[in-house]
Every structure is written in structure tokens, then in C-alpha cells.
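# Descriptive analysis of the structure
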Amino acid sequence: MQPAYKQTLYEQLEVLAEGLTGEILNGQLHTQPRPAGPHMRAETELNIDIGSAYGRGRGGPGGWWILVEPEVHFVRDQEVAVPDLAGWRKERMPDIPEGHRFEVVPDWICEILSPSTASKDREVKMPIYAHYGVAYAWLVDPKRQTLEAYGRDGGHWRLIAEASGTATLAVAPFDALRLDLSNLWS
């Protein structure tokens, strides 16, 4: 008698119900439903502002791919994160992959915090991003109306900027752009 076939974590991720996002973090499958309105608003506004200036070069230097919820494979099918936004310098990733697996480490990620994902984003995903060499990470909290920007320093995160409410700031790696935070929550 042969033992029953056991699906890999990635095979389980691939068959998740519609409306669920899956990630494999530190050997565990994590799932969450699609985000709520304030989360989507902040994500959309950041994508418009950063994507226009850095992705398309409209009002900024261009030279980046800025994507919403890419499936980043730090280790193919074994360490899989889905940041809310991610960016790659085009010199490091000249073309977007044909499939859904992004195997080049992003230069920047942004996680939009929600009550159900904040601890995972901070305590599980941020160390993974640092470990695999993401250079910059932003945490945006629509409820608290805050943005925290981090730069990787020797394998660990260092806070490089923090702003809230209606502040306007320019922060790495997108410091050619003056970002008006009020657009993220209003």
C-alpha cells in the first residue's frame, strides 16, 4: 500500500478559494481575504503617485517597475510573499516575468497594515524581506494614518522616515517625489 499523496504548501496555495491571498512564510501557509476599503485606497493612491513618477517617468525619473501584489518567490515555491506593492529598478529586472512568479528580489516593498495583517507584516514578513535583501520597506497604516520608511542596514531595518496625517514627505527610494499623505486616507 502506497502512502497517500500530500500536497506541497505551494500546491495548497495554488488551489485557495477565490478571494483569498496565500503566502508561504517561514514554512507556513498564511491566507487572508481581499483587503478592505481603506487599505485599497492607500494602495491605489501610492501606486498612482509612485507608479506615475517612477514607473512611467511622469513628474519623476522613471526607471522602475511598480506592481500591485506580485507573487515574490524568494525561494521558488517555498518562501513566497505577496507584498501590497513592490518595486524593481529596471536595471536589475529589465523585463517583467511572463508568468506569475517574480524571482528577482524587489528593491522596495510596501505593506499596507490592517488589523488582521499588521503583526504578520511587522513580525514575520519584515525579517524575511531583510534576510533576502530588499533594500527599502514601507509600512503604511490607514487606521493610524502613518507611513514608516525603513532602509536595510547590514541585514537589519533602520527607520529612515516617519510621517502621519496630512504631512508631505520625500523619502527613499522615491525621494524625487513629494508624497502628500492626505491623499492616502481622504
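Refer to the structure above for everything that follows.
Reading guide: rules and limits
- Residues numbered from 1 in each chain as written.
- Predicted model: local features only at pLDDT ≥ 70, side-chain atom pairs only at ≥ 80, totals over all residues.
- Heavy atoms only, no water.
- Buried < 20%, exposed > 50% of the residue type's maximum accessible area, 1.4 Å probe, protein only.
- Helix = DSSP H or I, 4+ residues; strand = E, 2+ residues; numbered from the N terminus.
- Contact = heavy atoms within 4.5 Å.
- Salt bridge = Lys/Arg side-chain N within 4 Å of Asp/Glu carboxyl O.
- Phe/Tyr/Trp six-rings, centres within 6.5 Å; stacked < 30°, edge-to-face > 60°.
- Lys NZ or Arg CZ within 6 Å of the ring centre and 35° of its normal.

Taken as a whole, helix α2 (residues 37–55) has its buried residues at H39, A42, E43, E45, L46, I50, G51, A53 and Y54. Contacts from the buried residues of α2 go to β3 (64–68), β6 (85–89), β8 (108–112), β9 (136–141), β13 (179–180) and α4 (182–185). Positive phi appears at G57, one or two residues downstream of α2, with a value of about 75 degrees.

Turning our eyes to something else, we now look at the pattern of salt bridges. Per the stated rule, a full pass over the model turns up 12 salt bridges. With a closest N to O distance of 2.8 Å, D77 and R101 form a salt bridge. With D77 in the loop between β4 (71–75) and β5 (79–81) and R101 in strand β7 (residues 101–102), the pair connects residues that are 24 residues apart, well separated along the chain. With a shortest N-O distance of 2.9 Å, D107 and R92 are connected by a salt bridge. Linking D107 in the loop between β7 and β8 with R92 in the loop between β6 and β7, this pair joins segments that are 15 residues apart in sequence. The exposure class of D107 is buried, given its relative accessible area of 9%. For R92, a relative accessible area of 38% corresponds to the partly exposed category. Here the salt bridges do not stand alone but share partners, grouping E23, E111, K120, D121 and K125 into one network.

Take the packing of aromatic side chains next. Ring pairs (aromatic) are described by centroid distance and by the angle formed between their planes. Applying the stated criterion to the full structure yields nine aromatic pairs. Chaining the aromatic ring pairs together yields one cluster made of Y54, W64, W108, W138 and F174. Between the NZ or CZ atom of K90 and the centre of the ring of W65, over which it lies, the distance is 4.2 Å.

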